[in-house]
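Coordinate analysis (summary)
Here is what each chain is made of, one letter per residue.
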2 protein chains.
Amino acid sequence: MREPTFLILTALADEARHGYGLITEVSRLSEGRVALKPGTLYGALDRLADEGLVARDREEVVDGRLRRYYRITPDGERALRAETDRMRRHVAAATAKLGPIGGATQAGVSFA
Amino acid sequence: MREPTFLILTALADEARHGYGLITEVSRLSEGRVALKPGTLYGALDRLADEGLVARDREEVVDGRLRRYYRITPDGERALRAETDRMRRHVAAATAKLGPIGGATQAGVSFA
DNA sequence: CACTATATCTTGATCACCAAGATATGGTGG
DNA sequence: CCACCATATCTTGGTGATCAAGATATAGTG
């Protein structure tokens, strides 16, 4: 699972959202670092719906504009939990290997 | 940065390794979940070398077989640290949204 | 009156990755 | 002694998620 997909599932984890709402929530979640493109978003939603990880929710019309909501499914939540655990282990492995401050000093002899 | 690339940099973070050694170390790091394919590995090493994140190290011949070693560069270590931080934040965000045990119970009213 | 924000979706291209195989040496089991 | 597995390199062809860009439409703002 790649970063945009992970963040889409994360954004849906606590409540149903519509496409544009996902773009803003993913941007907020990632502190502005991930700007979801429409091509990525709608492609991912279709794919995730096919896989049963998200489902269409209600539709609303607000100010003459359609809002099409999506929600995460139980399978989607399981997938997100599994992916989160996977990432957590990778973070732990990398952190252990990198050492506290880094640089060649740590790996070699040093503080003689 | 995707999972195989992240694990290659992680495997190189503490010591220089050759291609086949990376395959076994990445498998060990990921507890058997990531089996690096040669196509992925050598493609990634070439790309990372072009980007200056890894560099060719020494070469050895052991039992008539060539071992070509790669090491992580300072830029590579910086990139790995940045990526690790990024993942750590995403894990934290997902964990917060998912809640302790999960299910619709947590999101809604419950424990009345 | 132009621009920005909100809202949907499509199309074409890229690129990391995967699957599979080619090539070669050395050790092991039958 | 021969097949097979582990070690070790690299190539080729395909897939698929993502990106870049644009099409379409309404409502609010300067």
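Refer to the structure presented above.
Description of the structure in this document. (Residues numbered from 1 in each chain as written. Chains lettered and ligands numbered in written order. Predicted model: local features only at pLDDT ≥ 70, side-chain atom pairs only at ≥ 80, totals over all residues. Heavy atoms only, no water.)

**Points about the overall build of chain A**
If you tally the helices and strands in chain A, you get five helices and three strands. Secondary structure of chain A in N-to-C order comes out as α-β-α-α-β-β-α-α. Against the compact-globule benchmark of 13 Å for 112 residues, chain A has a radius of gyration of 19 Å, which places it well outside the compact range. The principal-axis extents of the C-alpha atoms in chain A amount to approximately 70 × 30 × 20 Å. With 112 residues in all, chain A has 39% of them scored as buried. (Helix = DSSP H or I, 4+ residues; strand = E, 2+ residues; numbered from the N terminus. Rg over C-alpha atoms; globule rule 2.2 N^0.38 Å. Buried < 20%, exposed > 50% of the residue type's maximum accessible area, 1.4 Å probe, protein only.)

**Here we look at the sheet that holds strand β3 (residues 65-72) of chain B**
All names here are of chain B. Spatial ordering of the open sheet is given by β1-β3-β2, a layout of three strands whose pairing is antiparallel. The open sheet has two edge strands with one neighbour each: β1 (17-18) and β2 (54-62). Of the strands in this sheet, β1, β2 and β3 touch helix α1 (residues 3-12), which is tilted by about 95 degrees from β3. (Pairing = 2+ DSSP bridges. Contact = heavy atoms within 4.5 Å. Axes fitted to C-alpha atoms, helices over the stretch in contact; angles between N-to-C directions.)

**Regarding the protein's contact with DNA strand C**
Inspection of the region around DNA strand C gives 20 residues, with A:Tyr20, A:Pro38, A:Arg67, A:Arg68 and B:Arg65 positioned closest. Near the protein, meaning within 4 Å, the atoms of DNA strand C are sugar or phosphate in a fraction of 70%, with bases accounting for the rest. Between A:His18 and DNA strand C, the recorded distance is 3.4 Å, taken from a side-chain N or O atom to a phosphate oxygen. Between DNA strand C and B:Lys37, the relevant distance is 3.3 Å, taken from a phosphate oxygen to a side-chain nitrogen or oxygen of the residue. In terms of residue class, the surface near DNA strand C is made up of six nonpolar, six polar and eight charged. (Near = heavy atom within 4 Å. Polar contact = N/O pair within 3.5 Å; in protein donor to acceptor, adjacent residues only side chain to side chain. Nonpolar A, V, L, I, M, F, W, Y, C, P; charged D, E, K, R; others polar.)

**Looking at the interface of chain B and chain A**
One widely used convention gives an interface's size as the accessible area the parts lose upon coming together. Taken together, the contact pairs 37 residues of chain B with 36 residues of chain A. Of the roughly 3,000 Å² buried between chain B and chain A on both sides combined, carbon and sulfur atoms contribute 58%. Area buried by chain B at its contact with chain A is led by B:His90, B:Lys97 and B:Leu98, which between them contribute 24% of it. On inspection of chain B and its partner chain A, the count reaches seven salt bridges. Note that B:Asp14 is salt-bridged to A:Lys97, the shortest N-O span being 3.2 Å. Viewed at the interface, chain A and chain B are joined by ten residue pairs in polar contact (both at pLDDT 80 or more). (Buried area = accessible area lost by both parts, 1.4 Å probe. Salt bridge = Lys/Arg side-chain N within 4 Å of Asp/Glu carboxyl O.)

**Overview of helix α4 (residues 74-98) of chain B**
Taking 1.5 Å per residue, 25 residues should reach 36 Å; α4(B) reaches 36 Å between its end C-alpha atoms and fits that length. Burial in α4(B) covers these residues: B:Gly76, B:Glu77, B:Leu80, B:Glu83, B:Thr84, B:Met87, B:His90, B:Val91, B:Ala93, B:Ala94, B:Lys97 and B:Leu98. On the buried face of α4(B), the contacting elements are α1 (3-12), β1 (17-18), α2 (19-29) and α4 (74-98) of chain A together with α1 and β3 of chain B. In the stretch just after α4(B), B:Gly99 is the one whose phi turns positive, near 80 degrees. (Expected span 1.5 Å × (residues − 1).)

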